Amino acid sequence: MLNKKDLLSIEDLSKKEIISIIKNADNFYKNKKISIKERVLNNRTQINLFFENSTRTQVSFEIAGTLLGASVVNFPLSNSSQSKGETLIDLAATLNSMNPDILVIRHPNSGSVQLISEKVTCPVVNAGDGNHEHPTQALLDLLTIQKRVGRTDNLKIAICGDISHSRVARSNIFCHKKLGNKITLIGPKTLIPRNIDKLGVDISYNMADGLRDVDVVMVLRLQKERMDGGYFSSEREYFHLYGLDDRKMKYAKPKAIIMHPGPMNRGIEIDGNLADNLDKSVITMQVEAGLAVRMSVLELLLKNKNENV
Ligand code: NCD
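Just so we're clear, the structure is a prediction, and the values are computed from it rather than from any experiment.

Caption draft 1: Inspection of the site of the ligand at higher detail. Neighbouring the ligand are the residues Arg-56, Thr-57, Arg-106, His-134, Gln-137, Arg-167, Val-168, Arg-221, Gln-223, Pro-261, Gly-262 and Pro-263. Thr-57 is positioned such that a nitrogen or oxygen atom in its side chain is 3.0 Å from an oxygen atom of the ligand. Interatomic distance of 2.9 Å between a backbone N/O atom of Gly-262 and a nitrogen atom of the ligand. The set of elements that each furnish at least two residues to the shell around the ligand consists of helix 2 (56-67) and helix 6 (167-178).

Here it is as structure tokens:
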């Protein structure tokens, strides 16, 4: 059960709601085939609206919707009237008049997905808004942790790298605080927002200290497209100090897993061989879990909508 019109953030969800999305996703993960009768999006229209480049998230939402029976329309933004100066609110009104059953939106500005959601009648899923939140990423990370570590509580998690520009970090922080897990953020001072300790996380500027005894290491991409100046002296030095490699992994628990939301910069935030080491790295499993989580979210929002009409 998800008693909500939209999925805009993890901050909005209760622990119970998080667990129920994951439980439903796990069914999709285990049973890849669903019968036509069970497809809650049969004869429904899903519009994907991606104002930012995306490979895995957009494709994954597209496949998820299609498997659930929807006609999926990818809104072509480069030649839409957005490039002619239409406001977001006008676009929302236009979309609403087309009567979609569900909208999936990614936008470079924090808060813009919520703004659109307030102007449309159908459910809206936030597929990433600026550096605010990326709820389905944290949920797919959680499903991956459950499957590989075997539990979702009593965990020590390190989130490493460019925290300042990362919606993935914020969604994961909210998620794991709600589940009662211990989080340490690791990175250079320039890439960790001031006051973020108010969210109840530990901070470390040093990988050796921060990685000690963790169960999960989440590595983040250096998000250069959101940087407006020099945050570190060189990529070489960044890799030396903060890039995850075998040497630094020794500080974590022997069975610790490595996660990365992708796309990854090999040799900058993570050593390429380590990323490919399937004993430790669960990066491809995250992509697989992403499909199940997105099916789960689309299904739960649609079921809730159907119950409220
Ligand atoms: C992330 C995103 O777009 O926020 N990627 C993703 O959704 N797979 C992280 C990133 O771009 O680094």
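Picking up after the structure, the text goes on.
Caption draft 2: Inspection of a nonpolar patch on the surface at higher detail. On the surface, Val-59, Ile-63 and Leu-67 cluster together into a nonpolar patch covering about 210 Å² of accessible area. The residue Ile-63 is located in helix 2 in this model. The partly exposed category is assigned to Ile-63, whose relative accessible area is 37%.

Caption draft 3: Looking closely at the environment of His-260. Tracing the backbone through its elements, the reader meets His-260 in the loop between strand 9 (257-259) and helix 10 (272-275). Along the sequence, His-260 and Lys-224 sit 36 residues apart, while their C-alpha atoms lie 16 Å from each other. If we skip the residues at most four places from it in the chain, His-260 touches Val-219, Leu-220, Arg-221, Glu-269, Ile-270, Ile-283 and Gln-286.

About the cut-offs
- Residues numbered from 1 in each chain as written.
- Predicted model: local features only at pLDDT ≥ 70, side-chain atom pairs only at ≥ 80, totals over all residues.
- Heavy atoms only, no water.
- Near = heavy atom within 4 Å.
- Polar contact = N/O pair within 3.5 Å; in protein donor to acceptor, adjacent residues only side chain to side chain.
- Helix = DSSP H or I, 4+ residues; strand = E, 2+ residues; numbered from the N terminus.
- Patch = residues over 30% accessible without salt bridge, like charges linked within 9 Å, V, L, I, M, F, W, Y side chains within 5 Å.
- Areas by Shrake-Rupley, 256 points an atom, 1.4 Å probe, with all protein chains shown as cover.
- Salt bridge = Lys/Arg side-chain N within 4 Å of Asp/Glu carboxyl O.
- Buried < 20%, exposed > 50% of the residue type's maximum accessible area, 1.4 Å probe, protein only.
- Contact = heavy atoms within 4.5 Å.

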